[in-house]
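As a plain string of letters, each chain reads:
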Amino acid sequence: MSESLDAFRQEARAWIQESLPEELKSGPRRGAPKEALDRWFQALTGKGWLTPDWPTEYGGGGLDRKQTQVVKQELKKARAPVPPASAFGTRMLGPTLLEFGTEEQKLEFLPQISRHEVQWCQGYSEPGAGSDLASLQTRAVREGDEYVITGQKIWTTGADKADWIFCLVRTDPDAAKHDGISFVLFPMHQPGVKVSPLTLIDGNADFSQVFFDGARAKVAHLIGPENGGWTVAKRLLQHERTTDGGSEGGITGAMKETFVDLVKREVGLRDGVLADATLRQRTAAQEMEANALRLTMRRAGEEARAGQSTRDIGSLGKYRWANMVKAEQDLAMQALGAQGLGWEGPGFEAVELQRTKAWLTTRSDSIWGGTNEVQLNVIAKRVLEIPE
Amino acid sequence: MALILTEDQLILRDMARTFFDEKSPVERMRSLRDEKDATGFHRALWKEMGELGWIGIPFPEAVGGADMGYGELGAVLGECGRVLAPEPFVSTVLLGGNAILLGAPEPLQKELLPEVCSGERLLALAFQERGRFAPTEVETTATREGDGFSLRGEKTFVLDGHVADQLVIVARTSGGREDRDGLSLFVVDAQAAGVEIQRTEMVDGRNAATVRLDGVTVGADRVLGDVDGGFALLDRVFDRATIGLCAEMVGTFEETFERTLQYLKDREQFGVKIGTFQALRHRAAHMWTELEFARSVVRDAQSALDDDRDDASACASAAKARCSDVAHLIGGEAIQMHGGIGMTDEEEIGLFFKRLKAAEFTLGDGIYHRDRFAGLRGY
Ligand SMILES: Cc1cc2nc3c(=O)[nH]c(=O)nc-3n(C[C@H](O)[C@H](O)[C@H](O)COP(=O)(O)OP(=O)(O)OC[C@H]3O[C@@H](n4cnc5c(N)ncnc54)[C@H](O)[C@@H]3O)c2cc1C
Ligand SMILES: Cc1cc2nc3c(=O)[nH]c(=O)nc-3n(C[C@H](O)[C@H](O)[C@H](O)COP(=O)(O)OP(=O)(O)OC[C@H]3O[C@@H](n4cnc5c(N)ncnc54)[C@H](O)[C@@H]3O)c2cc1C
């Protein structure tokens, strides 16, 4: 590693140590005081480090790729929290706008995203359009410089808390199904938008059905050409599918111990060796799996930058990551036994209840953003080029 | 170190690919098998590889080597794996060569290694005594006799043991049957009195032998590493050999997978290419993800060796556990997806299947290496 990058790492580490409130440096994530979280998010976004690689004129940190990586690594190492539900803006819409947005659109939306002032949600799926997303039916009819929107979305994560939605709508009902779709942004707080929450099997009610009945979007907030939204939509999905290959996905933040720690604690060691030979094999396999995924994502990045390969690794990452996080929670559950079956209240420790919820939550990782089956279809078609 | 090949490694790989495509297509391996060739590979070709500097890649210049790393060696081994070349890299370079490089006193290194690097001297490491890989299970004994030792016992699956000029023998100088302590390594001439070598025919056409030792005398100057402390040496040799073998396996995976993929694109049934059937597409896509994982962990293991990282052993086990499982997966799917034709000896895919199964078990299967990995990780 170059000296200057090393120095930058020291700087980044020092800044995080200085800016991260004491209350957030240790102890469980849940129930952390809101005031401390707010203080930290303000510091983070003020520095542009919620989106370290975006240009500074859009509120980003203006860092190069290597520095960005360093910042992400250091934040992760410090287990520093990021604003909940920021991913829709920072990881999906932002990069898509950087590529497809006009300068006015970029200046209007990107700085808000990088400062986490606006909560976004993703209006893709409909009751009749999940894996077959292009068959969506929500209609948008142009009236002057506005679209009038009618239809229904489902599984919309965070819709009840969102200020804005990026939404796929049908603008040409007569065109072939991929050719009549547009990608628009509009506010959720307006007449004609109704949000009705859905509770998932993990007890989480972050999801909603969203009904549009004459909701309005400005034509100026159309991203890409009218009827040309499918290309934009697919690129956003690529961003959504990009995982960094990190273990346990988004749930690590809530849990201090890794699945290996948990298995060791629950199963116990005998003569320095995990007391259950089968679980020992599975635990080792699981650790190797996480490593292999991390290394593969890293290698793919190196190959792409060196111009050695152009193959699309996104679907591989999403598919194997989903399997991995599910298997980790399965393994944790196996080690916990019936202690992993609690729902709430006495008889179960908080960490056990968190594992139970995480086990349920991770069932969705092979569904959202394109199911595992869909990822395999993509690989067969685009990477292996097997004719259909 | 990076996980990708450097410019120089890419050049080396391309050179090796041209070489093997030209001089060693898969038919060569088949005809050596069918003709029951006494050597089992071509000495002339091996010497040519020596002249190209490939055999000497991991050895220092002082003993005639090229003083390069496992990244470079892997680039060549992968190409061997693609064409199922039967030349003795694993036995002579990875196992025997490393035992001498890491364990022999300087005079012995200078005596043996230059001719190893040039391709004139062949080595074998005799460690195994039964089917499953269990490197501490050694019953062969070495008892002190005058200044030296007397060896007695029987070794199986000694790779290229039938042609080796020198055998490195793992024998017990003390301790009980499964103890790590008490193992010692000895260099023995294949012609020495009391050595009896019997070639065995293996399923993949590779060459292995049973070696019987009946009161073979060997001088104290022919001990590698410390008496009774041989396991530590052996463990390091196995790490290197495992990582080298994995590189070869990745080459075999690539070729096996590409052939199977092509078959899915060519073969018609029900009026369509069988690759249009989702049941096969999904399995092919999954296989590809496994192949990518195998490439990554093997590259990482090579870096671990070349950068002298202290997690090299864990990386070796992670690589071999993955490669063993992938060998089983890709080999099995290759036959299945080729349908009936895959079962014929005439179709080459079966040769790949067999080589992969043999490689899966060589130096420990997935179960062995997960177990070892867990131990290294403290559980
Ligand atoms: C936690 C979570 C959060 C989500 N968040 C959002 C969000 O914020 N915004 C949003 O728009 N959507 C969201 N979704 C919706 C998600 O994108 C869809 O659930 C997903 O695309 C699958 O669609 P579906 O549920 O209609 O399943 P279906 O398409 O009905 O699939 C049912 C089953 O059939 C299989 N299948 C379907 N087609 C094929 C095929 N061609 N080949 C093989 N198998 C096939 C699927 O793999 C699956 O196993 C979320 C989903 C979840 C679970
Ligand atoms: C040992 C042996 C003995 C045999 N003995 C006889 C015998 O005595 N008499 C006789 O008539 N035949 C015999 N057969 C032939 C046997 O019946 C065929 O091999 C078998 O029907 C498969 O056909 P195929 O080999 O042409 O494979 P293919 O049909 O070419 O299949 C290739 C691959 O594609 C897959 N595939 C094909 N179609 C589909 C689909 N629609 N969906 C998903 N996957 C598909 C297959 O499962 C296979 O994995 C024998 C075969 C063997 C191996």
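Since the model is a prediction, treat every value here as computed from it, not as a measurement. (Residues numbered from 1 in each chain as written. Chains lettered and ligands numbered in written order. Predicted model: local features only at pLDDT ≥ 70, side-chain atom pairs only at ≥ 80, totals over all residues. Heavy atoms only, no water.)

Some points on the packing of helix α5 (residues 87–100) of chain A against helix α6 (residues 103–114) of chain A
Residue and element names in this part refer to chain A. Relative to each other, α5 and α6 sit at 160°, their axes nearing to 10 Å. Judged by the inter-axis angle, α5 sits roughly antiparallel to α6. Handedness of the crossing formed by α5 with α6: left-handed. Along the contact surface, α5 presents Gly89, Thr90, Leu93, Gly94, Leu97 and Leu98, while α6 presents Lys106, Phe109, Leu110 and Ile113. Its residues placed into classes, the contact of α5 with α6 shows six nonpolar, three polar and one charged. (Axes fitted to C-alpha atoms, helices over the stretch in contact; angles between N-to-C directions. Helix = DSSP H or I, 4+ residues; strand = E, 2+ residues; numbered from the N terminus. Parallel < 35°, antiparallel > 145°, perpendicular 65-115°, else oblique. Left-handed = near helix turned anticlockwise from the far one by under 90°. Contact = heavy atoms within 4.5 Å. Nonpolar A, V, L, I, M, F, W, Y, C, P; charged D, E, K, R; others polar.)

Comments concerning the side chain of Ser366(A)
Residue and element names in this part refer to chain A. Mapped onto the fold, Ser366 is located in the loop between α11 (350–361) and α12 (372–383). Since its relative accessible area comes to 9%, Ser366 is described here as buried. Among the polar contacts made by the side chain of Ser366, one reaches the side chain of Lys326 at a distance of 2.8 Å. Only 3.4 Å separates the side chain of Ser366 from the backbone oxygen of Arg363, close enough to count as a polar contact. When neighbours within four sequence positions are excluded, Ser366 is seen to be in contact with Lys318, Ala322, Lys326, Thr371 and Asn372. (Buried < 20%, exposed > 50% of the residue type's maximum accessible area, 1.4 Å probe, protein only. Polar contact = N/O pair within 3.5 Å; in protein donor to acceptor, adjacent residues only side chain to side chain.)

What about the packing of helix α5 (residues 89–103) of chain B against helix α6 (residues 106–118) of chain B?
Residue and element names in this part refer to chain B. Running from amino to carboxyl end, α5 crosses α6 at an angle of 160°, the nearest separation of the two axes being 10 Å. Taken together, the axes of α5 and α6 are roughly antiparallel relative to one another. When the axes of α5 and α6 are compared, the crossing they make is left-handed. Here Thr92, Gly97, Ile100 and Leu101 of α5 come into contact with α6, specifically with Gln109, Leu112, Leu113 and Val116. Looking at the contact of α5 with α6, its residues break down into five nonpolar, three polar and no charged.

Let's talk about helix α11 (residues 366–376) of chain B
What α11(B) keeps buried is the set Gly366(B), Tyr368(B), His369(B), Arg370(B), Arg372(B), Phe373(B) and Ala374(B). Those residues of α11(B) that are buried are in contact with α9 (277–305) of chain A together with α7 (230–266) and α9 (312–338) of chain B. Its side-chain oxygen placed 3.2 Å from the backbone nitrogen of Ile367(B), Asp365(B) serves as the N-cap of α11(B).

So, the interface of chain A and chain B
The partner chain B presents 43 residues to the 42 residues of chain A that form the contact. Here chain A and chain B share an interface that buries about 3,600 Å² over both sides, 61% of which is from carbon and sulfur atoms. Across the salt bridge formed by Arg280(A) and Asp371(B), the nearest N and O atoms sit 2.3 Å from each other. Where chain A meets chain B, there are 25 residue pairs in polar contact (both at pLDDT 80 or more). Elements supplying a minimum of two residues to the side of chain A that touches chain B: α8 (259–267), β10 (273–274), α9, α10 (314–336) and α12 of chain A. The leading source of residues in the side of chain A that touches chain B is α9(A), at 16 residues. Looking at the side of chain A that touches chain B, its residues break down into 21 nonpolar, six polar and 15 charged. (Buried area = accessible area lost by both parts, 1.4 Å probe. Salt bridge = Lys/Arg side-chain N within 4 Å of Asp/Glu carboxyl O.)

Side note on α12(A)
All names here are of chain A. End to end, α12 covers 15 Å across 12 residues, agreeing with the expected 16 Å (1.5 Å per residue, within 8%). Taken as a whole, α12 has its buried residues at Asn372, Val374, Gln375, Leu376, Val378, Ile379, Ala380 and Val383. Directly beyond the C-terminal end of α12, a positive phi value near 55° is found at Glu385. (Expected span 1.5 Å × (residues − 1).)

Quick notes on the nonpolar core
All names here are of chain B. With 113 residues, the main nonpolar core has Phe20, Trp54, Phe89, Leu95, Leu224 and Phe253 as its most contacted residues. Looking at this core element by element, the count peaks at 17 residues for α7. Setting aside residues no more than four positions away along its own chain, Phe20 makes contact with Pro25, Met49, Trp54, Val76, Glu79, Cys80, Val83 and Ala85. (Core = buried A, V, L, I, M, F, W, Y, C linked by side-chain atoms within 4.5 Å.)

Comments concerning the pattern of salt bridges
Overall, the coordinates contain 68 salt bridges over all chains when judged by the stated rule. Arg39(A) is the partner of Glu35(A) in a salt bridge, and the nearest nitrogen-oxygen pair spans 2.8 Å. Taken together, the residues span about one helical turn, with Glu35(A) and Arg39(A) both in helix α3 (residues 34–46) at a distance of four residues. Assessed through its relative accessible area of 40%, Arg39(A) is described here as partly exposed. For Arg309(B), the salt bridge is made with Asp300(B), and the minimal N-O distance between the two is 3.2 Å. For Asp300(B), a relative accessible area of 10% corresponds to the buried category.

Topic: the packing of aromatic side chains
In the structure shown here, the tally under the stated rule is 22 aromatic pairs over all chains. Taken together, a centroid distance of 6.2 Å and an interplanar angle of 90° make the contact between Tyr124(A) and Phe166(A) edge-to-face. Here Tyr124(A) is found in the loop between β1 (120–123) and β2 (139–143), whereas its partner Phe166(A) is found in strand β4 (residues 164–170), with 42 residues between them in sequence. In this structure, Tyr124(A) and Phe166(A) share a single accessibility class: buried. When the centroid spacing of 5.3 Å and the interplanar angle of 85° are considered together, the rings of Phe19(B) and Phe20(B) count as edge-to-face. Among the residues examined, Phe19(B) registers a relative accessible area of 9% and is labelled buried. Each member of the aromatic cluster is reached from another via a ring pair, and the members are Phe88(A), Phe109(A), Trp120(A), Tyr124(A), Trp164(A), Phe166(A) and Phe183(A). Above the face of the Trp49(A) ring, Lys47(A) is positioned so that its terminal group lies 5.0 Å from the ring centre. The ring of Trp368(A) has Lys318(A) lying over it, and the distance from NZ or CZ to the ring centre is 4.5 Å. (Phe/Tyr/Trp six-rings, centres within 6.5 Å; stacked < 30°, edge-to-face > 60°. Lys NZ or Arg CZ within 6 Å of the ring centre and 35° of its normal.)

Observations concerning the side chain of Thr242(B)
One can find Thr242(B) in helix α7. When its relative accessible area of 2% is taken as the criterion, Thr242(B) is described as buried.

Points about the site of ligand 1
Taken together, 18 residues sit near ligand 1, with Ser125(A), Ser131(A), Thr157(A), Thr371(A) and Glu373(A) positioned nearest. In this structure, ligand 1 is bordered by residues of chains A and B. Contact distances for ligand 1 include 2.8 Å between a nitrogen atom and a backbone N or O atom of Gln122(A). Ser131(A) places a polar side-chain atom, nitrogen or oxygen, 2.6 Å from an oxygen atom of ligand 1. Surface burial for ligand 1 is 67%, taken as the share of its 970 Å² of free accessible area covered by protein chains. Looking at the shell around ligand 1 element by element, the count peaks at three residues for strand β3 (residues 146–157) of chain A. Looking at the shell around ligand 1 residue by residue, the classes come out as six nonpolar, 11 polar and one charged. (Near = heavy atom within 4 Å. Areas by Shrake-Rupley, 256 points an atom, 1.4 Å probe, with all protein chains shown as cover.)

Section: the pairing of β1(A)
Residue and element names in this part refer to chain A. Covered by surrounding structure in β1 are Trp120 and Gln122 together with Cys121 and Gly123, the residues of both alternating faces. Inspection of the sheet shows β1 paired to β4 by four bridges, in the parallel sense. Its bridge partner lying in β4, Cys121 is registered against Ile165. (Pairing = 2+ DSSP bridges.)

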